[in-house]
Amino acid sequence: MSKKSSAPTGCPCGGPSLATCCGPYIDGSAIAPTAEALMRSRYTAYGQRNEPYLLATWHASTRPAEPLFGAEEKLQWLGLEVKSALRLRQRKAEEADQNRDTVEFVARFRVGGRAERLHEISNFVREPDAIGGALRWFYVDGHFPQ
């Protein structure tokens, strides 16, 4: 007879637990302090199919008008690897724009029983939000490296 662990499970993004990692950003009790934290919370929100959070953190200039998820979509997110937060590497070489950042990641998922991977370099911008004017990060767009 095996006992199930009562320890909290890790955050889908790879952090220690949802409650201490992405959860506060997703539930609105905290603002993601970095582009990487926002990217991690968006990965978690994709796994939760949390369209309101994803749209709220998508920059208005590139936010899609169509629904993000189809009712028939059978997608399972399996893991996230952050390759780099590019600003960290560039900071010594030049004065970085503190309101723009880039994060490279690989997200693994399964669709239709087949494992896939999404390798993206995402662009983020930090600007005042429309509601309270607090500075917050927004996902702008991304590209897929070769």
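Structural data are supplied above this passage.
Rules behind the numbers
- Residues numbered from 1 in each chain as written.
- Predicted model: local features only at pLDDT ≥ 70, side-chain atom pairs only at ≥ 80, totals over all residues.
- Heavy atoms only, no water.
- Helix = DSSP H or I, 4+ residues; strand = E, 2+ residues; numbered from the N terminus.
- 1 Å grid on protein atoms, 1.4 Å probe; cavity = no way out; pocket = protein on both sides within 12 Å on 5 of 7 lines; lining within 4 Å.
- Points joined across faces, edges and corners; volume = space filled by probe spheres on them.
- Nonpolar A, V, L, I, M, F, W, Y, C, P; charged D, E, K, R; others polar.
- Pairing = 2+ DSSP bridges.

Its place among the elements puts E36 in helix α2 (residues 35-48). Spatially, the C-alpha atom of E36 lies 9.6 Å from that of S122, the residues being 86 residues apart in sequence.

Where empty space is left becomes clear once a probe the size of a water molecule has been rolled over the atoms. Of the pockets and cavities examined, the largest pocket occupies roughly 410 Å³. Lining the largest pocket we find 21 residues, and of these A56, T57, D129, R136 and F138 sit closest to its centre. In terms of residues, the lining of the largest pocket owes the most to one element, strand β4 (residues 135-143), which gives three residues. Along the lines of polarity and charge, the residues of the lining of the largest pocket split into 14 nonpolar, three polar and four charged.

Here we come to the pairing of strand β2 (residues 100-111). Where β2 meets strand β3 (residues 114-128), 12 bridges bridge the pair, whose relative direction is antiparallel. For E104, the partnering residue across the bridge sits in β3 and is I121. Taking the residues that link successive antiparallel strands as the turn, the β2-β3 hairpin has two residues, and the phi of G112 there is positive, at about 60°.

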